[in-house]
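Observations on the model geometry
Residue-level listing of the chains:
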Amino acid sequence: MNASAVRRLTVAQALVEFLAHQYTERDGRRHRLINATWGIFGHGNVAGLGQALLESGPDTMPYLQGRNEQAMVHAAVGYARQNNRLAAQAVTTSIGPGATNLVTGAALATVNRLPVLLLPGDIFATRPADPVLQQLEVPYAGDISVNDALRPVSRYFDRVMRPEALIPAALQAMRVLADPAETGAVTLALPQDVQAEAFDWPEEFFADRVWHVRRPAPEAAEVAAAVRTVRAARRPLIVAGGGIHHSEAEEALRALVDATGIPVASTQAGKGSLRYDHPADIGGIGHTGTAVADDLARTADLVIGVGTRYSDFTTASATLFADPAVRFLNLNIAPFDAHKLAATTVVADARAALEALTAELAGHRVDEAYEAEYRTGKTAWERRVDAAYAAADETARPSQTQVLGALDAVVGDEDVVINAAGSLPGDLHKLWRTRSPRQYHLEYGYSCMGYEIPGAIGVRLAAPDRPVWALVGDGTYLMMPTEIVTAVQEGVNINIVLFQNHGYASIGGLSEATGAERFGTAYRFRDADGQYTGDPLPVDLAANAASLGMEVLRAKSVRELREALAAARASDRPTCVYVETETADTVSGAPEAQAWWDVPVARTATRPAAVKAREDYDRQAAARRRHL
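Now for a look at the structure at hand. (Residues numbered from 1 in each chain as written. Predicted model: local features only at pLDDT ≥ 70, side-chain atom pairs only at ≥ 80, totals over all residues. Heavy atoms only, no water.)

Glancing now at the overall build of the chain. A tally of helices and strands in the chain yields 24 helices and 23 strands. Taking the principal axes of the C-alpha coordinates as reference, the chain spans close to 75 × 70 × 55 Å. Burial analysis of the chain (628 residues in total) assigns 59% to the buried set. Pairs at least 24 apart in sequence give 77% of the contacts found in the chain among residues at least 6 apart. (Helix = DSSP H or I, 4+ residues; strand = E, 2+ residues; numbered from the N terminus. Buried < 20%, exposed > 50% of the residue type's maximum accessible area, 1.4 Å probe, protein only. Contact = heavy atoms within 4.5 Å.)

Right, here's the structure in full:
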């Protein structure tokens, strides 16, 4: 190979240059695959990737400074989801705790099928000193480091032990990131000595490379079987999952529904597949679903899952689809998900599959009585939403659902609402009126406390013209407020709605329902018996947010809340609206769960609450079934 055909760079420099030339393409539109690199530097990456990012400059690879490694992954995941998985970001850390802090974020990305590239530093490949600082010594193996903890939560993992090994590793990493069925967290562990080593790289390694994001079309035989299944059904129900958004299949879904009249219930990831006021949109399904959706699910003779993985929240822990003759038809790009529940399968891109099904179902429509039934149920549920949102006294402290009602009155179609954990996901799934495909951003595959604020930063970076709202409870806020500093530093204009209810409200309610009597779920001082039932803690989370650089607006009533939300939306800087709602031991104001969720209850106990909870559990569990 002659000198003109190679370029001498360090491994870290070569990786940065390589990443700058990777693109995805779908439907004729090209996107840069890795748009920026988040990083916190330590001895494991400062002289390698840190130096490489400095030398390459922001035009080649923009750098974003984070405060917590897990949070950086969350921000990258929010960015990827907002971009329908066609663009992603990388995250680099040092070795040791910096690397292990990635594990939770990696699990979240992989569970939700969202691409993120992780570049943790690693121990020395050449072992000049053994052990090095922060090295985990494993007596039975010399080739294990803490980065191996990332293997089970990564869709692809490699450790680059020599410079030339970067070429196949980097190509495999891009392949997985761009694969709509395989994507998730991808980890390239980079020993710190290898990062700084020089090598003569072939120029072809740095050429622009386009990864086609395929839309596999369904096989004719599978479509024919699906059509026969739909035509034979009297009470079909579509379950819309996140795959509809990832595939940009919302219009294809609407075309099928308009033609056939089949109602659509949505998972947390699929909410917004139809606009909330579409006549066939019957809201969320499952444990946090609407009454109309869950009632239809219980009597459906055909469940059509589109881009869903059927979590236990969706199936009400295998108790929801109760018709003895119920069958399943799954449209999914991933065979693993398509074959769940012994379904008839259409293994294909969601949009391509929906379009094929619509074409072959021409002239078919559900019975008018069925349409009238679910439309009546939808109207009744909307009245319950109105009641939950309404405030009889606008000078009173709002309930949690009244906060959602105030926000609903302020946002437009372009706003994005982000949440992940606590009692809010249930309220939002039941009540939020989603107005556009990417307005509703719930991370509920991993339901990770702390996702909301960094996730909002990622969304705002991906969509700088869209107002972004992170809805955060006090428990979640205390998990990870760190990236407020990042939002302020970078001028990323996000809005935080901070709910103060003095504890883990969601788990408090679950604890009560399962006989654990809200033990350890309130943020209160200990009482004389040593329990956390004393006065609320004198924390001031609004002051904390202000100390991190946010503009803070305090709202003590429904009227003040509405004014504060409007002011936050109009602000040109990161803003927090702080509102104290009901305490953790009172209800949120939302309708109760419309379907069961299996959380095992103590089989033997002496306390009456646990004894009763076990009786209720046995009664509910008796309805569970295997769909074979």
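Back to the write-up after that little detour.
Turning our eyes to something else, we now look at the packing of helix 11 (residues 291-299) against helix 15 (residues 368-389). Between helix 11 and helix 15, the shortest axis-to-axis distance is 8 Å and the interhelical angle comes to 145°. The residues of helix 15 that touch helix 11, namely those facing Ala291, Val292 and Leu296, are Tyr370, Glu373, Tyr374, Gly377, Lys378, Trp381 and Arg384. Among the residues forming the contact of helix 11 with helix 15, the class breakdown is 6 nonpolar, 1 polar and 3 charged. (Axes fitted to C-alpha atoms, helices over the stretch in contact; angles between N-to-C directions. Nonpolar A, V, L, I, M, F, W, Y, C, P; charged D, E, K, R; others polar.)

Time to look at the nonpolar core. Counting residues in each nonpolar core, the largest one holds 81 residues, and the members touching the most others are Ile238, Leu253, Ile304, Leu331, Leu471 and Leu565. Among the elements that make up this core, the one with the highest residue count is helix 15 (6 residues). Sequence-distant contacts of Leu471, that is, excluding residues within four places in its chain, are made with Leu404, Leu407, Val417, Ile418, Asn419, Leu424, Leu428, Glu452, Val497 and Phe499. Counting 48 residues, the second-largest nonpolar core is a separate cluster that includes Val77, Phe157, Ala487 and Val492. (Core = buried A, V, L, I, M, F, W, Y, C linked by side-chain atoms within 4.5 Å.)

Assignment of secondary structure puts Ser511 in helix 21 (residues 505-513). A relative accessible area of 7% means that Ser511 is categorised as buried. A C-alpha to C-alpha distance of 33 Å links Ser511 and Arg67, two positions 444 residues apart in sequence. The residues touching Ser511, leaving out its near neighbours within four places in the chain, are Ala516, Glu517, Arg518, Phe519 and Thr521.

Residue Pro131 is reached from Asp130 by a cis peptide bond, and omega for that bond is 10°. Structurally, the position occupied by Pro131 is in the loop between strand 7 (116-122) and strand 8 (156-159). One non-glycine residue, Ala318, lies in the positive phi region at around 65°. You can see Ala318 is positioned in the loop between helix 12 (312-315) and strand 16 (327-332).

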